[in-house]
Protein chains: 2
Amino acid sequence: MTTQAQGLHTHVLDALGLAITTGEYPPGSVLRTDELAQRFSVSRTVVREVVRVLESMHLVESRRRVGVTVRATEQWNVYDPRVIRWRLAGTDRPRQLRSLTVLRSAVEPVAAGLAAVHATPEQCRELTEQALGMVATSRGRQLEAYLVHDIAFHRVVLNASGNEMFARLGDVVAEVLTGRTHHQVMFEDPDPAAVTLHVQVAEAVRGRDAVRAEELTRQIAVGALRELDILAP
Amino acid sequence: MTTQAQGLHTHVLDALGLAITTGEYPPGSVLRTDELAQRFSVSRTVVREVVRVLESMHLVESRRRVGVTVRATEQWNVYDPRVIRWRLAGTDRPRQLRSLTVLRSAVEPVAAGLAAVHATPEQCRELTEQALGMVATSRGRQLEAYLVHDIAFHRVVLNASGNEMFARLGDVVAEVLTGRTHHQVMFEDPDPAAVTLHVQVAEAVRGRDAVRAEELTRQIAVGALRELDILAP
DNA sequence: GTGACATAAAAGTCATACTTTTTAGCGGCG
DNA sequence: CGCCGCTAAAAAGTATGACTTTTATGTCAC
């Protein structure tokens, strides 16, 4: 589910990254490359490359004569998709899900407003298609199929915004939606009101109504926040 | 200005990263580690570690028997502070500044609203202090001093929001504000209206008025967007 | 007690040999 | 003539060992 093992490097990186983000090595811990090489039965070469990547994520800091130190949580590069995945797979999944949802609630309405201005006809078509797909799968325990359309819908909105920073959040949103469906209390069919809102957003974008698209998406966001008890009902 | 040379690795990474982001090696270009090692007069070891980091930023993709390929721009990890710095230093600085400003305009109002709820007394004090500092330096060509307070102000807001994703955008905002002051048409003193808005945001946060803090920050954002002609005047 | 110095520990760098994957070319076979 | 499979080579991946550089720490002299 996480990452396929294409090489030793990938495997070790994933294992170490997960170990650090889940707190197995709490901030301040010191690792030695030689020990890691032994622990994972790989050469120092591989460990060094992994450490360099971890360092580029600000997860660790490597200093001579002292070793590889785990940095404080506030320093993590929390926008790195791999860090997000590790944290979602680890212990503070709820916390992570919350902060990501808040981020979504800030970004997606603005992105929808921009999408209403910039979306290509093809993107409008795609948007409507995904919204209709959501409607079609919203009843009768088709949660997985619904999820696919939901993810695609939000991804199109972010891409259509024409802003590269927004577009790159597509993966993050996908992770959040997947996490919600799989690990949250999601035994029931999706909220019909939310489904309707998505259809209306698609209409607003197609109709070039930026204000309406933004406002409707804000309502979707409010729903997501309520689901996590971040907002009072 | 970019990064101090603490080691060969850092130097090569910076040089290669900049070369790629500025388009010296356009997407699709293929690099060979041996050639790079020669070009930078370092060992293959160093080059490989650099490539691994670049790969973790999704700037390149390394495949056996083919080499290191530069990936398409849409795949870049544009939230990586280093990528942002490289792009701001390179040729598409204006484009980068625009997308970052749009991101700010989405995030900061929400962050300010949350700050009004979560800010500690210490953060409220700091916020007021920075706002007053902005007032004090807003006249008489003290642009550098003003910038320091401006950056600090926005950083406190993002931190006070209590959301780690927002907090991590402090560096991004700092880069944008710095870029605007240094490379934009910024010969005049700051807009008095903007200064007043900052003071009012500080007041709103201290007064726990989330709605007002959000709305005021939205007005600041609108000003920033107008400055870059992203919004009609 | 303080400061200079020596020591050693750990990362950083390099060179080299070897392995694995994958592309591309070549030749055989239908 | 074309397609398939085999082979060979190219490039990254991995391992190892020797050596360099930085720097924390302890020691010794003052």
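- With an unreviewed UniProt entry as reference, chain A is termed FCD domain-containing protein, source organism Streptomyces ficellus.

### A look at the environment of proline 109 of chain B
Residues and elements named next belong to chain B.
So, step 1. Following the sequence through the fold, proline 109 ends up in helix α5 (residues 93-118).
So, step 2. Since its relative accessible area comes to 0%, proline 109 is described here as buried.
So, step 3. Each C-alpha atom, one on proline 109 and one on aspartate 171, is 17 Å from the other, the two residues being 62 residues apart in sequence.

### Some remarks on the packing of aromatic side chains
Two measures describe an aromatic ring pair: the distance that separates the ring centres and the angle between the ring planes.
So, step 1. Overall, the coordinates contain one aromatic pair over all chains when judged by the stated rule.
So, step 2. Between the aromatic rings of tyrosine 79 of chain A and tyrosine 79 of chain B, the centroid separation amounts to 4.9 Å while the plane-to-plane angle is 5°, which identifies the pairing as stacked. Of this pair, tyrosine 79 of chain A sits in the loop between β3 (67-70) and α4 (81-89) while tyrosine 79 of chain B sits in the loop between β3 (67-70) and α4 (81-89), on two different chains. Each member of the pair, tyrosine 79 of chain A as well as tyrosine 79 of chain B, is classed as buried.

### Some remarks on the sheet that holds strand β2 (residues 60-63) of chain A
Residue and element names in this part refer to chain A.
So, step 1. Reading across the sheet, the three strands line up as β1-β3-β2 and stay open at both edges, with antiparallel pairing between neighbours. Every other strand in the sheet has two partners, leaving β1 (30-31) and β2 as the edge strands with one partner each.
So, step 2. Relative to β3, β1 is paired through two bridges, and the arrangement is antiparallel. Its bridge partner being in β3, valine 30 is matched across the sheet by threonine 69.

### Description of the protein's contact with DNA strand C
So, step 1. Around DNA strand C sit 21 residues, and of these Thr33 and Arg48 of chain A together with Leu8, Arg63 and Arg65 of chain B come closest.
So, step 2. For DNA strand C, the fraction of protein-proximal atoms (within 4 Å) that sit in sugar or phosphate groups is 75%.
So, step 3. Contacts to DNA strand C include arginine 52 of chain A, whose side-chain N or O atom sits 3.2 Å from a phosphate oxygen.
So, step 4. Residue arginine 64 of chain B places a side-chain N or O atom 3.4 Å away from a base oxygen belonging to DNA strand C.
So, step 5. Residue assignment for the surface near DNA strand C shows that the elements contributing at least two residues are α3 (44-56) and β2 of chain A together with α1 (8-21) and α3 (44-56) of chain B.
So, step 6. By residue number, the principal contributor to the surface near DNA strand C is α3 of chain B, which donates three residues.
So, step 7. Considered class by class, the residues forming the surface near DNA strand C number four nonpolar, seven polar and ten charged.

### A word on the side chain of serine 161 of chain A
Residues and elements named next belong to chain A.
So, step 1. Within the element layout of this structure, serine 161 appears in the loop between α7 (143-160) and α8 (164-167).
So, step 2. A polar side-chain atom of serine 161 sits 2.7 Å from the main-chain carbonyl oxygen of leucine 158.
So, step 3. A distance of 3.2 Å separates the side chain of serine 161 from the backbone nitrogen of asparagine 163, its partner in a polar contact.
So, step 4. Among residues more than four places away in sequence, those in contact with serine 161 are Ala111, Leu114, Ala115, His118 and Phe166.

### Digging into the protein's contact with DNA strand D
So, step 1. Around DNA strand D sit 22 residues in total, of which Leu8, Ser43 and Arg63 of chain A together with Thr33 and Arg48 of chain B are the nearest.
So, step 2. The sugar-phosphate backbone supplies 68% of the atoms of DNA strand D found within 4 Å of the protein.
So, step 3. For DNA strand D, a phosphate oxygen lies 2.8 Å from a polar atom in the backbone of serine 43 of chain A.
So, step 4. Mapped onto the surface near DNA strand D, the elements with two or more residues apiece are α1 (8-21) and α3 of chain A together with α3 and β2 (60-63) of chain B.
So, step 5. Of the residues contributing to the surface near DNA strand D, the split by class is four nonpolar, seven polar and eleven charged.

### Section: the pattern of salt bridges
So, step 1. The full count for this structure, using the stated rule, is 37 salt bridges over all chains.
So, step 2. Here glutamate 175 of chain B ties to arginine 85 of chain B by a salt bridge, and the two come within 3.8 Å at their closest N and O atoms. Residue glutamate 175 of chain B is located in helix α9 (residues 170-183), and its partner arginine 85 of chain B is located in helix α4; the two are separated by 90 residues in the primary sequence.
So, step 3. What you see here is one network of salt bridges that share partners, running through Arg48, Arg52 and Glu55 of chain A together with Glu49 of chain B.

### Regarding the UniProt feature "domain: HTH gntR-type" (unreviewed entry) in chain A
So, step 1. Within this structure's numbering, the places UniProt gives as "domain: HTH gntR-type" (unreviewed entry) are residues 6-73 of chain A.
So, step 2. Measuring from the first to the last C-alpha atom of residues 6-73 of chain A gives 29 Å, for a span that is 51% helix and 15% strand.

### Examining the pairing of β2 of chain A
All names here are of chain A.
So, step 1. Looking at chain direction, β2 and β3 are connected through four bridges and run antiparallel. Directly across from valine 60, in β3, lies its bridge partner valine 70.
So, step 2. Where β2 hands over to β3, the hairpin turn is made up of three residues, of which arginine 65 adopts a positive phi near 65°.

### Structural notes on the interface of chain B and chain A
So, step 1. Taken together, the contact between chain B and chain A spans 33 residues of the former and 33 residues of the latter.
So, step 2. Regarding the contact of chain B and chain A, the summed buried area is about 3,100 Å², with carbon and sulfur atoms giving 57% of it.
So, step 3. Sorting the residues of chain B by area buried against chain A places Tyr79, Met165 and Arg168 of chain B first, and these three jointly supply 24% of that buried surface.
So, step 4. At the boundary of chain B with chain A, the tally comes to eight salt bridges.
So, step 5. Between glutamate 164 of chain A and arginine 95 of chain B there is a salt bridge whose closest N-O contact spans 3.4 Å.
So, step 6. For the pair chain B and chain A, the interface holds 21 residue pairs in polar contact (both at pLDDT 80 or more).
So, step 7. If you list the elements that add at least two residues to the side of chain B that touches chain A, you get α3, α4, α5 and α8 (164-167) of chain B.
So, step 8. Broken down by element, the residue count for the side of chain B that touches chain A peaks at ten residues, all from α5 of chain B.
So, step 9. Residue composition of the side of chain B that touches chain A, grouped by class: 15 nonpolar, seven polar and eleven charged.

### A few points about the domain arrangement of chain A
So, step 1. The domain architecture assigned to chain A consists of domain 1 (8-75) and domain 2 (92-227).
So, step 2. One C-alpha centre belongs to domain 1 of chain A, the other to domain 2 of chain A; they are set 36 Å apart.

### Describing the sheet that holds strand β1 (residues 30-31) of chain B
So, step 1. The strand order across the open sheet built from three strands is β1-β3-β2 (chain B), with neighbouring strands paired in antiparallel fashion. Only two strands of the sheet have a single partner each, and these edge strands are β1 and β2 of chain B.

Calculation notes
- Residues numbered from 1 in each chain as written.
- Chains lettered and ligands numbered in written order.
- Predicted model: local features only at pLDDT ≥ 70, side-chain atom pairs only at ≥ 80, totals over all residues.
- Heavy atoms only, no water.
- Helix = DSSP H or I, 4+ residues; strand = E, 2+ residues; numbered from the N terminus.
- Buried < 20%, exposed > 50% of the residue type's maximum accessible area, 1.4 Å probe, protein only.
- Phe/Tyr/Trp six-rings, centres within 6.5 Å; stacked < 30°, edge-to-face > 60°.
- Pairing = 2+ DSSP bridges.
- Near = heavy atom within 4 Å.
- Polar contact = N/O pair within 3.5 Å; in protein donor to acceptor, adjacent residues only side chain to side chain.
- Nonpolar A, V, L, I, M, F, W, Y, C, P; charged D, E, K, R; others polar.
- Contact = heavy atoms within 4.5 Å.
- Salt bridge = Lys/Arg side-chain N within 4 Å of Asp/Glu carboxyl O.
- UniProt positions renumbered as here; feature names shortened; annotations may be inferred.
- Buried area = accessible area lost by both parts, 1.4 Å probe.
- Domains from an automatic or database assignment.

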